[in-house]
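Coordinates in review
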Amino acid sequence: MTKPSLPELLHAAVTAVGGTERPGQVAMAEAVEEAIDGGSHLLVQAGTGTGKSLGYLVPALAHGERVVVATATLALQRQLVERDLPRTVDALHPLLRRRPEFAMLKGRSNYLCLHRLHEGVPQDEEDGLFDQFEAAAPTSRLGQDLLRMRDWADETETGDRDDLTPGVSDRAWAQVSVSSRECLGASKCAYGAECFAESARERAKLAEVVVTNHALLAIDAIEGAPVLPQHEVLIVDEAHELVSRVTGVATGELTPGQVNRAVRRAAKLVNEKAADQLQTAAEGFERLMELALPGRLEEIPEDLGYALMALRDACRTVISAIGTTRDKSVQDEDAVRKQALASVESVHDVAERITNGSEWDVVWYERHEPRGGSAYRPSGASLRVAPMSVSGLLREKLFTERSVVLTSATLKLGGDFNGVGASLGLAPEGTEGDDVPQWKGVDVGSPFDYRKQGILYVAKHLARPARDGDRGDMLDELTELIQAAGGRTLGLFSSMRAAQLAAEELRSRIPEYPILLQGEETLGELIKNFAADPRTCLFGTLSLWQGVDVPGPSCQLVVMDKIPFPRPDDPLMSARQKAVEEAGGNGFMAVAATHAALLMAQGAGRLVRASGDRGVVAVLDQRLATARYGSYLKASLPDFWFTTDRNQVRKSLAAIDAKARQTEGAEQVEGAEQAAGD
């Protein structure tokens, strides 16, 4: 039988999902097929509406080798597993003469632990385990969540937290889940044969397509023991997020609360001398942290160095003692011991990493404000350590022994892929040499006509923004733009403080346009309410720059208060910038401008989400039009029609608003007529 061609397979898959075949999708599928067949690597930019998931799934399934697909967001993982893969597999089955299996795999703490559920949770103050269901008041939010999870445990096939609807708080989930360090292991656990996490791993071993997240991909790369099954093809979707997710996994943190928790958990399991040594070290560390000022530590102060060495050595003593001490009076000692070990080892590893003082690490103090009494991010100081760069790690662990495809709507910054490629550890495209991963960058475009659908407006007349300065002129401009647009505004701010100040001011200036503010409700509720009422505006910061998908008339004005450069006092970003400069490069362009370009490209992408969308992206920062780096940033954005004419923009917004109102009115009349007819 003749092997089906890629166009045949793609046509069948697109038809199955009810989509329309697009030139960009075809070009992407061909580029992915070429990379997989040639064992090379590909960076492919595919704009919103391209249908990129089928653009990589179809050639990957046709190849017949195991493929891992890693995404940044839960929404895309669900789309792949619940919609795209089932329909694509069904459509390709008659052509491929096989039905590829697929599975989702996440980190262990994402799955319900039956041992925790049935046997109880190790607690810090008492011996053994306690029954979390008895301890929590049944009428409290925690108690209700726990009872609901106990019922859910009898029904669920996956034990996956994200399958539990409605969801539960982090505090509640912690009562019924374990980290990989806390897990007893299937062979030692009474519930090992029924374990949800182990079942997920077994399904992944048998699947041809494994869908996972960037965090688990990072753990697989960083830690010696593989957590993902062996695979020949890796596809990274939402790849613009990969470096930050890998950096997050590779970042260590020490807080007084974390250290004291380790002390309490270990105290009952070791001899008095070891327990006292850890207690003394913890107290010394806590005293120093009370005096800590936020900022980078280019050199570890002598007193902190001694405190960390004492903590490291005390943890080492306790780890050895836990392994030799047995106490029959402790109920379910193995589970209690495992949790204590996990806590102490975590403290030991971070303390040792900082005391070792690698030139490739950045260490800093950070202070946290209280967040509504959350036990998971209390106020106080923390000591953090992160890699200066993850590019070497990614080059070594990601781009060897498999073909890698990275895709996103925003990979081409400043007109080429080299900036993103460098952050991933790749030499400039076309570089030859031994052990140099070969890759190609392809931009397959977008099905949207950006120059006809959108305007990029820069408020050149506004004063240059100063850090944390009063921007009355910016608020005046924002007010006028919202009035011209009739609401319909997504406000993307460079800081939460700026978003809060703008919301407070505009709520009093233009009360006829409701202002929703990030943090006042869940993100899902905010986006739902924003989409439901076109007169509403939504203000917020980082997660809104990337997490809002509202096609149609509710989002016709996207405003950026200023270019989102990292803060000058950001320890990690400033360290990376300094390292580039010391190596003879342009640190500002390599780090700060690249960071801003990526965020702006993501933010501008919120405007046009469908072929009928029209609107304006307004940047209230003159530097985009006047600074030398402005052209680099503009080249990273969709190709909107560009202007600095404020009057023209107001007229355009008013015209778009009038047309939207006309359409809404016609739809209301049609709905009323249908209701009357019914």
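Attention here is on the structure that accompanies the text.

Criteria and thresholds
- Residues numbered from 1 in each chain as written.
- Predicted model: local features only at pLDDT ≥ 70, side-chain atom pairs only at ≥ 80, totals over all residues.
- Heavy atoms only, no water.
- Buried < 20%, exposed > 50% of the residue type's maximum accessible area, 1.4 Å probe, protein only.
- Helix = DSSP H or I, 4+ residues; strand = E, 2+ residues; numbered from the N terminus.
- Pairing = 2+ DSSP bridges.
- Axes fitted to C-alpha atoms, helices over the stretch in contact; angles between N-to-C directions.
- Parallel < 35°, antiparallel > 145°, perpendicular 65-115°, else oblique.
- Contact = heavy atoms within 4.5 Å.
- Nonpolar A, V, L, I, M, F, W, Y, C, P; charged D, E, K, R; others polar.
- Left-handed = near helix turned anticlockwise from the far one by under 90°.

Things to note about the pairing of strand β2 (residues 67-71)
Of all five residues making up β2, five are buried, and the element is well covered by its neighbours. Of the two faces of β2, both are covered, the one formed by Val 67, Val 69 and Thr 71 as well as the one formed by Val 68 and Ala 70. The pairing of β2 with strand β6 (residues 209-213) spans five bridges and is parallel. Bridged to Val 68 within β6 is Val 210. As judged from the four bridges shared by β2 and strand β7 (residues 233-236), these two strands associate in the parallel manner. Residue pairing in the sheet places Ala 70 in a bridge with Val 236 of β7.

A short note on the packing of helix α12 (residues 256-267) against helix α13 (residues 272-290)
Between two packed helices, both the angle of their axes relative to each other and the distance between the axes serve to describe the pair. Taken N-terminus to C-terminus, the directions of α12 and α13 make an angle of 170 degrees; their axes are 10 Å apart at the nearest point. Classified by the angle their axes make, α12 and α13 are roughly antiparallel. Seen from α12, the contacting residues are Pro 256, Val 259, Asn 260, Ala 262, Val 263 and Ala 267; seen from α13, they are Ala 275, Leu 278, Gln 279, Ala 282, Phe 285, Glu 286 and Met 289. Of the residues assigned to the contact of α12 with α13, the class counts are ten nonpolar, two polar and one charged.

Some thoughts on the packing of helix α1 (residues 6-16) against helix α3 (residues 52-63)
α3 packs onto α1 with a crossing angle of 125 degrees between their chain directions and a minimal axis gap of 10 Å. Relative to α3, the element α1 is oriented oblique. α3 is crossed by α1, and the crossing has right-handed handedness. Packed against α1, whose contacting residues are Leu 6, Leu 9, Leu 10, Ala 13 and Val 14, the element α3 presents Leu 54, Val 58, Pro 59 and Ala 62 at the interface. Looking at the contact of α1 with α3 residue by residue, the classes come out as nine nonpolar, no polar and no charged.

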